[in-house]
Amino acid sequence: MKKMRGFEIAKGFENAQVNLPVRKTKYSAGYDIEAAEDCIIPSFKLGQAPTLVKTGLKAYMQEDEYLMLCNRSSNPKKKGLVMANSVGIIDADYYENPDNDGHFMFAFYNTKSEDVEIKKGEAIGQAIFQKFYVVDDDNAEGKREGGFGSTTK
């Protein structure tokens, strides 16, 4: 059977006991994503970079698909966590890239006045596979050479 889309453990996390994502209900669009390790997301200070929460996962999909990373609906109110990029987009060619094997992470800011602790195995977000379309005169031929933030390099 040809692989269509799915999740795998990223290199470096083979022995970290990372759970592959699952949907919790029959009509859920998103696969629940867990943190691969404990981490602290510090209270926000102006000029601070977002905290990248490791998932230990990579995703494979068809060439005309992408993986959308979304925050959990409860994160902003309960934990003060907002995604730095609002929505994360994982392109099909990010899978097994030479920089990080396609390991995707969630970039969070913490709007609370105290640090937030994320425990390994805690649900941090959800991932939804989507199809995309291109315009009639599209002629993109570039090839991904790196990992996180490498599309324009």
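Everything discussed here concerns the structure shown above.
Every value quoted in this text rests on a predicted model; they were computed, and no experiment measured them.

Caption draft 1: Expanded view of the sheet that holds strand E7 (residues 88–91). The strand order across the open sheet formed by four strands is E2-E10-E5-E7, and the pairing between neighbours is antiparallel. Of all strands in the sheet, those with a lone pairing partner are strand E2 (31–34) and E7, marking the two edges. Strand after strand, the sheet turns through a mean of 30° between neighbouring axes, direction not considered. Direction of pairing for strand E5 (residues 65–71) relative to E7: antiparallel, over a ladder of four bridges. Bridge pairing in E7 links Leu67 to Ile90.

Caption draft 2: Quick look at the sheet that holds strand E6 (residues 81–83). Here we have four strands laid out as an open sheet, ordered E1-E4-E8-E6, and antiparallel in their pairing. Of all strands in the sheet, those bounded by a partner on one side alone are strand E1 (6–9) and E6. The mean inter-strand angle of the sheet, taken between neighbouring strand axes irrespective of direction, is 45°. The pairing of E6 with strand E8 (residues 104–110) spans three bridges and is antiparallel. When the bridges of E8 are listed, Val82 appears paired with Tyr109.

Caption draft 3: Main features of the nonpolar core. Counting 28 residues, the largest nonpolar core has Phe7, Leu67, Leu69, Phe104, Phe106, Phe108 and Ile118 as its most contacted members. Broken down by secondary-structure element, the contributors of at least two residues to this core are strand E3 (39–41), strand E4 (51–60), E5, E6, E8, strand E9 (116–118) and strand E10 (123–131). Those residues in contact with Leu67 that sit more than four places away from it in its chain are Phe7, Ala59, Met61, Gly88, Ile89, Ile90, Phe104, Ala127, Ile128 and Phe129.

Definitions and cut-offs
Residues numbered from 1 in each chain as written. Predicted model: local features only at pLDDT ≥ 70, side-chain atom pairs only at ≥ 80, totals over all residues. Heavy atoms only, no water. Pairing = 2+ DSSP bridges. Helix = DSSP H or I, 4+ residues; strand = E, 2+ residues; numbered from the N terminus. Axes fitted to C-alpha atoms, helices over the stretch in contact; angles between N-to-C directions. Core = buried A, V, L, I, M, F, W, Y, C linked by side-chain atoms within 4.5 Å. Buried < 20%, exposed > 50% of the residue type's maximum accessible area, 1.4 Å probe, protein only. Contact = heavy atoms within 4.5 Å.

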